[in-house]
Amino acid sequence: MTEFAEVLRQLSAAQKPAKGVSLYTRFVNRPAGRVLAALAYRVGATPNQLTVLGALFTFPALAAVALLPPGPEMAVGVGAALAVGFALDAADGQLARGQRSGSPSGEWLDHVLDCVKIVTLHLVVLVSFYRFFDLPSPAYLLAPMVFQLAAVVIFFAGILTEKLKWRTPDGAPAGSAPALRSVLLLPVDYGLTCVSFLFLGSQHIFLTVYCALLLAHVVFMAVFLVKWFRELR
């Protein structure tokens, strides 16, 4: 037990800065990922194995959304599996930093699976809307398409901005206070999207929550693109 606590302490010391992350990532996903990373360290697992394990939680859950009629039990199972998959996504990076075993191939695998995950999530929602939902209007079928567009653009542009910042001589201008920024970023945290699937058993609630998150992503996409472009000028 003492050894496990020491591993947790070492992983915590190697944690990424909290700047630019939402409340969910900072206080839920990263701590959960740290516990999973410590367990993986004890059994000798590699970061890439954690990445693949996260995919094994995520993609069967997403397949269930497209193939099965939504219900309360299914919603809890899907939401829990997606949340665990996201925690494992945090765990692989923490383990790599703790072991000093990070590699370009591992980062590549992580980002590729993240991209596939984001695209697939909204595709299966579209399928579920079409097959199982009594939508107020066929126009709601556009919601997963627009959500997917906004989520992918934010994901890609964010990574590209981070890479290009290495070429700029000065740091980015200061933004809002860290605590406020953590709150503001909550609607576009992938973890909150995972949590939204807990409401999949109630079509009306899920549709309302999903469309609210869609609106947040569209607004933040516009804000982020302008902000990131200005930072790189």
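None of the values given here were measured: they were computed from a predicted structure.

Undergrad: Just checking my understanding: could you explain the overall build of the protein for this structure?
TA: Per the secondary structure count, the protein includes nine helices and zero strands. Each helix (α) and strand (β) of the protein, taken in turn from the N terminus, gives the series α-α-α-α-α-α-α-α-α. Scaling as 2.2 N^0.38, a compact globule of 233 residues should have a C-alpha radius of gyration of about 17 Å, and the protein matches this with 18 Å. Judged by the C-alpha coordinates and their principal axes, the protein covers about 50 × 45 × 30 Å. Relative to its full complement of 233 residues, the protein shows a buried share of 39%. Of the contacts made within the protein by residues no fewer than 6 positions apart, 82% connect residues no fewer than 24 positions apart. Surface accessibility of the protein: about 12,600 Å² in total, with carbon and sulfur atoms responsible for 70%. Here the protein holds 18 positive side-chain charges and 13 negative ones, and the gap between their average locations is 7 Å.

Undergrad: Where do I start with helix 2 (residues 23–43) in this structure?
TA: One turn of an α-helix holds 3.6 residues; hence residues three or four places apart share an orientation. Here helix 2 spans 30 Å end to end across 21 residues, near enough to the 30 Å set by a 1.5 Å rise per residue. Along helix 2, the helix axis deviates most sharply at Asn-29, where the bend reaches about 35°; the proline Pro-31 sits within four residues downstream. Gly-44 occupies a position one or two residues after helix 2 and carries a positive phi of about 80°.

Undergrad: Would you mind going over the nonpolar core with me for this structure?
TA: Core analysis: the largest hydrophobic core is formed by 32 residues, its most contacted members being Val-78, Leu-82, Phe-129, Phe-197, Leu-200 and Phe-206. Elements with a contribution of two residues or more to this core: helix 3 (47–67), helix 4 (72–99), helix 5 (104–132), helix 6 (142–164), helix 8 (190–196) and helix 9 (203–232). Counting residues in each nonpolar core, the second largest holds eleven residues, with Leu-11, Ala-38, Ala-40 and Leu-50 among its members.

Undergrad: Explain the packing of helix 4 against helix 5 here, please?
TA: How two helices pack is summed up by the angle between their axes together with the distance between the axes. Put simply, helix 4 and helix 5 touch, their axes get as near as 12 Å, and they point 165° apart. By the angle between their axes, helix 4 is roughly antiparallel relative to helix 5. Considering the relative orientation of helix 4 and helix 5, their crossing is left-handed. Residue-level inspection shows Phe-86, Asp-89 and Asp-92 of helix 4 in contact with helix 5, the latter providing Asp-110, Asp-114 and Lys-117. Grouping the constituent residues of the contact of helix 4 with helix 5 by class yields one nonpolar, no polar and five charged.

Undergrad: I'm lost on the environment of Met-145 in this one. Help?
TA: For Met-145, the position within the fold is in helix 6. Along the backbone, Met-145 and Ile-118 are 27 residues apart, and their C-alpha atoms lie at a distance of 12 Å.

Undergrad: How do you make sense of the pattern of salt bridges when you look at a structure like this?
TA: It is possible for side chains bearing opposite charge to pair when their charged atoms get close. Inspection of every chain in the model, using the stated rule, returns five salt bridges. For Lys-163, the salt bridge identified is with Glu-107, shortest N-O distance 2.9 Å. In this pair, Lys-163 sits in helix 6 while Glu-107 sits in helix 5, placing the two residues 56 residues apart along the sequence. Take Glu-107: its relative accessible area is 35%, and that puts it in the partly exposed class.

Undergrad: For this particular structure, what's the right way to read the packing of helix 5 against helix 6?
TA: Where helix 5 contacts helix 6, the axes come no closer than 8 Å and their chain directions differ by 165°. Accordingly, the angle class assigned to the pair helix 5 and helix 6 is roughly antiparallel. By crossing handedness, the relation of helix 5 to helix 6 is classed as right-handed. Contacts between helix 5 and helix 6 pair Glu-107, His-111, Asp-114, Cys-115, Ile-118, Val-119, His-122, Leu-123, Val-125, Leu-126 and Phe-129 from the former with Pro-144, Met-145, Phe-147, Gln-148, Ala-151, Val-152, Phe-155, Ile-159 and Lys-163 from the latter. Residues that form the contact of helix 5 with helix 6 fall into these classes: 14 nonpolar, three polar and three charged.

Undergrad: Is there a simple way to explain the packing of aromatic side chains in this structure?
TA: Aromatic ring pairs are described here by two measures, namely the spacing of the ring centres and the angle between the planes. What the rule picks out here adds up to eleven aromatic pairs. Ring geometry for Phe-133 versus Phe-206: centroids 6.2 Å apart, planes at 55°, classification tilted. Residue Phe-133 is found in the loop between helix 5 and helix 6, and its partner Phe-206 is found in helix 9; the two are separated by 73 residues along the sequence. We classify Phe-133 as buried; its relative accessible area is 10%. A cation sits over an aromatic face here: Lys-117 above Tyr-190, 4.6 Å from the ring centre.

What counts as what
Residues numbered from 1 in each chain as written. Predicted model: local features only at pLDDT ≥ 70, side-chain atom pairs only at ≥ 80, totals over all residues. Heavy atoms only, no water. Helix = DSSP H or I, 4+ residues; strand = E, 2+ residues; numbered from the N terminus. Rg over C-alpha atoms; globule rule 2.2 N^0.38 Å. Buried < 20%, exposed > 50% of the residue type's maximum accessible area, 1.4 Å probe, protein only. Contact = heavy atoms within 4.5 Å. Areas by Shrake-Rupley, 256 points an atom, 1.4 Å probe, with all protein chains shown as cover. Lys, Arg positive; Asp, Glu negative; His and termini not counted. Charge placed at Lys NZ, Arg CZ, Asp CG, Glu CD. Expected span 1.5 Å × (residues − 1). Bend = angle between axes of the 7 residues up to and from the residue. Core = buried A, V, L, I, M, F, W, Y, C linked by side-chain atoms within 4.5 Å. Axes fitted to C-alpha atoms, helices over the stretch in contact; angles between N-to-C directions. Parallel < 35°, antiparallel > 145°, perpendicular 65-115°, else oblique. Left-handed = near helix turned anticlockwise from the far one by under 90°. Nonpolar A, V, L, I, M, F, W, Y, C, P; charged D, E, K, R; others polar. Salt bridge = Lys/Arg side-chain N within 4 Å of Asp/Glu carboxyl O. Phe/Tyr/Trp six-rings, centres within 6.5 Å; stacked < 30°, edge-to-face > 60°. Lys NZ or Arg CZ within 6 Å of the ring centre and 35° of its normal.

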